[in-house]
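Below are the chains, spelled out letter by letter.
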Amino acid sequence: MTEFAALAQLTVVAMVPYLLASLGTMLGGLTGVFSVSQEGVMLLGAAIGFLVSYGTGSTTIGILLAAGTGAVFGAALGWATTVLRLDQFVVGLALFFAATGLAGLLYRIVIGQGATTPRVDTLPRLEIPLLSDIPVLGTALFSHNVLVYLAALLAVGAWFFLYRTRAGLDLRSVGENPKAADSLGIPVVRNRLWTATVGGALMAVAGAYLPLVYTGTYTDSIVGGRGWLAIALTFFGGWRPQFIVLGALFFAAMDVVALRAEVAGIDIPSQVLLVVPYVATLLVMVFAFRWAKVPEFLGRNYDRESRTA
Amino acid sequence: MSAPVLTDTDAPAPATERPAVRLLRGLLPYVLALVLAFAVSGVVIAALGYDVVEAYRTIVTTSFRTGFGFTETLTKWVPLTLLALGFTIPLAVGRFNIGGEGQLLVGATAAAGVGIVYADLPTAVLLPLVVLAGVLSGAVWAGIAAFLMGRFRVNEILSTVLLNFVSFQVLDYAATEVWSDPAAGVAATQRVGEGAELPVLGGPPGVHAGILLALLVAAVTTVVTRRTAAGFELRAAGANPRAAAINGIRVEKVAVVALVVGGALGGLAGALEVGGVHGRAIEGMQSNFLLLGIIIGLIARGSALWVPVVAFGIAILEVGASSMQRTVGVPAEMVLIIEALILIFLLLSDVIAGRLARRVT
């Protein structure tokens, strides 16, 4: 039973970066702004989160600054695709490159080239009184770092906002039919801008989570495809927070299983275990793209003066 | 995707457009983008306390100062051009091949495998086999994504990227379990037989003969996309899928074929890296070719004619980058930022040039 509790706890910890990055992707996507720069923005978030924590000794400031940087990248995507109406994928890729380069550059500048890799303290666990004493469940759900609780609250909050408030309905209408939304006086550009900005911030926090919770160190390969998996997860979750949580659980479980099987020395080549998350995602997408409801205007720019849109 | 992703600036402009307007549209964005990218990066380099002039001098001149630098640039040009073409061919149909890395690695693994297993065969037999193994496996690798896209409508951006991560493990398996070479010091396969090595042109140091293949591929791609029915279908399917479909072009099939061809080029790049540069498949041999290939393809606006030219420019920057890191101390990552900025400013300049051109007319 303790073994199961430990596995469940690991899974919950591994869920968070997927969940945050995917919620960020979802938020922008629901208004039609499709980001493909997750992998880069997460890496930049990881670099900034790590470096600031290293410099100031404060994990909180690290996470906040990472979020701010991610917001700048999200806002840049929003601005370039709404005000300038540039192609979303091309801008997204350009921002992905810029963020990737910036992450490596900042780390080399602060830490130096080829120097020993420094460590920072990882986020402490906050055991919730009483609840964390429940057998199994307490370990699995209620003794985690603060970001786990925040991510959970965020998912619930996002669901409530999007599906139980007028502003959320307006927001979703922008991604479904911007022309209709525009004619009703819903500000299309403003909605796209703020969702893209917040989305970028969430991706960067997802990245900062990796060094500040998992490893305590930064490497250029720390994100390891999680940004791309987050996009897949968002499709898989049908662009809805409640299913994205389930999807994140699935992705995290695959991570943990692959890790465990390797540690347990099961007689399978380690390479086979390591490709499991990616292959499983490919297979899942075959079905996800069948049933998933995608925002109608996902990845498409809105031009008020266009006659065809 | 309904709109063309990129406008091909080489397409004949309307006859009424005045030369001044054409110049504004065609050239101005590039000049602006280059100047702005280097200016912004220069401010950053200066703010970091490095010598900007010396840094830029190193970046630009390293490739031309020594024969070695120039050879290195040409050697880098080969995979960059091939991966960029592998990106732009599907892009013409509005599909994004972000899997060049994986296609290169799988191609390299297959090429190395053939080169090791049949090491005793003579060059005339083995070398074509090695190249063919790379091309075919790259095509098959992209074919997985193409199949999922064509049959199940799985987004190709995701499938090609995810296959990259699978390819790392394919190479790792080959390099540590099947043909491992403990003496190599890094995770790598054994050396291929002598018959699998590409002849060296000129030199010393000289460039491997794969550069001729890359040139040929670039030329053929240009001719095919511009002068043949297949190329016309490709461009039509990308420019306006609905109109193309109405006129009997099977858009989805064109997209699938384009993606497979793109993968074949990635696989070719891998085989040439094995036969011409490393003599084996090595983990990490993909370097940052994937990002650079995409940047090149986008800067060249998808034009097969311009890809080799832009690739040469990027190869110069890349070779200069490592030299700059050694002599001036600026981290080589700076160059990736310069390249990303060139692309970003090019996109922004398009907007500006478009507005200027409208004012001139």
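Given the structure is predicted, the values throughout are model-derived calculations rather than measurements.

How each quantity is defined
Residues numbered from 1 in each chain as written. Chains lettered and ligands numbered in written order. Predicted model: local features only at pLDDT ≥ 70, side-chain atom pairs only at ≥ 80, totals over all residues. Heavy atoms only, no water. Helix = DSSP H or I, 4+ residues; strand = E, 2+ residues; numbered from the N terminus. Expected span 1.5 Å × (residues − 1). Buried < 20%, exposed > 50% of the residue type's maximum accessible area, 1.4 Å probe, protein only. UniProt positions renumbered as here; feature names shortened; annotations may be inferred. Phe/Tyr/Trp six-rings, centres within 6.5 Å; stacked < 30°, edge-to-face > 60°. Contact = heavy atoms within 4.5 Å. Buried area = accessible area lost by both parts, 1.4 Å probe. Salt bridge = Lys/Arg side-chain N within 4 Å of Asp/Glu carboxyl O. Polar contact = N/O pair within 3.5 Å; in protein donor to acceptor, adjacent residues only side chain to side chain. Domains from an automatic or database assignment. Core = buried A, V, L, I, M, F, W, Y, C linked by side-chain atoms within 4.5 Å.

## Considering helix α4 (residues 88-111) of chain A
Residues and elements named next belong to chain A.
In step 1: Look at α4: 34 Å from first C-alpha to last across 24 residues, which is about the 34 Å you get at 1.5 Å a residue.
In step 2: In terms of residue burial, α4 counts as a mostly covered element, since 20 of its 24 residues are buried.
In step 3: Note on α4: the residue one or two positions beyond its end, G112, has a positive phi of about 100°.

## A look at the UniProt feature "transmembrane region" (unreviewed entry) in chain A
Residues and elements named next belong to chain A.
In step 1: Per the UniProt record, "transmembrane region" (unreviewed entry) is found at residues 6-28, 63-82, 89-110, 146-163, 193-212 and 273-292.
In step 2: Structurally, residues 6-28 comprises 100% helix and 0% strand, and the distance from its first C-alpha atom to its last is 34 Å.
In step 3: The straight-line gap between the two end C-alpha atoms of residues 193-212 is 29 Å; of that span, 100% is helix and 0% is strand.

## Concerning the packing of aromatic side chains
In step 1: Counted under the stated rule, the structure contains 23 aromatic pairs over all chains.
In step 2: Seen in terms of ring centroids, Y18(A) and F251(A) are 5.5 Å apart; in terms of plane orientation they differ by 65°. Their pairing is edge-to-face. Highlighted residues: Y18(A) in helix α1 (residues 2-30) and F251(A) in helix α11 (residues 241-263), separated in sequence by 233 residues. In this structure, Y18(A) and F251(A) share a single accessibility class: buried.
In step 3: Ring plane angle 40° and centroid distance 6.4 Å describe the contact between F236(A) and F251(A), whose orientation is recorded as tilted. Placement of the pair is F236(A) in helix α10 (residues 226-236) and F251(A) in helix α11, with a sequence separation of 15 residues.
In step 4: On the basis of relative accessibility, which here comes to 2%, the residue F251(A) falls in the buried class.
In step 5: These aromatic residues form a ring-pair network of at least three members: F34(A), F89(A), F235(A), W239(A), F87(B) and F96(B).

## Digging into the interface of chain A and chain B
In step 1: At the junction of the two partners, chain A supplies 44 residues and chain B supplies 44 residues.
In step 2: Summed over the three residues of chain A that lose the most area to chain B, namely F97(A), W228(A) and Q271(A), the buried surface amounts to 18% of that side.
In step 3: At the junction of chain A and chain B, the tally comes to one salt bridge.
In step 4: Between E333(B) and R108(A) there is a salt bridge; the shortest N-O distance is 3.1 Å.
In step 5: One can count three residue pairs in polar contact (both at pLDDT 80 or more) joining chain A with chain B.
In step 6: At the level of secondary structure, the elements contributing two or more residues to the side of chain A that touches chain B comprise α4, α10 and α12 (270-291) of chain A.

## Comments concerning the domain arrangement of chain B
Residues and elements named next belong to chain B.
In step 1: Annotation of chain B at the domain level lists domain 1 (16-50 + 331-361) and domain 2 (68-329).
In step 2: Contacts between the two partners involve 15 residues from domain 1 and, on the opposite side, 15 residues from domain 2.
In step 3: Together, the buried faces of domain 1 and domain 2 total about 1,300 Å²; carbon and sulfur atoms form 69% of this surface.
In step 4: With a closest N to O distance of 2.7 Å, D350 and R301 form a salt bridge.
In step 5: Here domain 1 is connected to domain 2 by five residue pairs in polar contact (both at pLDDT 80 or more).
In step 6: Within the residue set of the side of domain 1 that touches domain 2, elements represented by two or more residues are α2 (28-47) and α14 (333-360).
In step 7: Take the side of domain 1 that touches domain 2: its biggest share by element is nine residues, from α14.

## Details of the pattern of salt bridges
In step 1: What the rule picks out here adds up to 11 salt bridges over all chains.
In step 2: Close ionic contact of R95(B) with E252(B) constitutes a salt bridge, the shortest N to O distance being 3.3 Å. Taken together, the residues span a long stretch of sequence, with R95(B) in the loop between α4 (67-91) and α5 (100-117) and E252(B) in helix α11 (residues 251-278) at a distance of 157 residues.
In step 3: On the basis of relative accessibility, which here comes to 16%, the residue R95(B) falls in the buried class.
In step 4: Assessed through its relative accessible area of 30%, E252(B) is described here as partly exposed.
In step 5: Through salt bridges with shared partners, one network takes in R108(A), D220(A) and E333(B).

## As for the side chain of S53(A)
Residues and elements named next belong to chain A.
In step 1: Position of S53 among the secondary structure elements: in helix α2 (residues 38-56).
In step 2: A relative accessible area of 6% means that S53 is categorised as buried.
In step 3: A polar side-chain atom of S53 sits 2.6 Å from the main-chain carbonyl oxygen of G49.
In step 4: When neighbours within four sequence positions are excluded, S53 is seen to be in contact with I48, S58, T59, G62, V120 and L212.

## What about unusual backbone geometry?
In step 1: Not every positive phi belongs to a glycine, and R85(A) is a case in point at roughly 55°.
In step 2: Look at R85(A) and you get partly exposed, because its relative accessible area is 40%.
In step 3: Phi at R153(B) is positive, roughly 60°, even though this residue is not glycine.
In step 4: Assignment of secondary structure puts R153(B) in the loop between α6 (123-152) and α7 (156-178).
In step 5: With relative accessibility at 64%, the residue R153(B) sits in the exposed group.

## Quick notes on the nonpolar core
In step 1: Core analysis: the largest hydrophobic core is formed by 205 residues, its most contacted members being L93(A), F97(A), Y218(A), W228(A) and I98(B).
In step 2: In terms of residues, this core owes the most to one element, α4(A), which gives 14 residues.
In step 3: Residues lining this core come from more than one domain, with at least three contributed by each of domain 1 (16-50 + 331-361) and domain 2 (68-329) of chain B.
In step 4: Core analysis: the next-biggest nonpolar cluster, separate from the first, contains five residues, A181(A), I186(A), V188(A) and Y302(A) among them.

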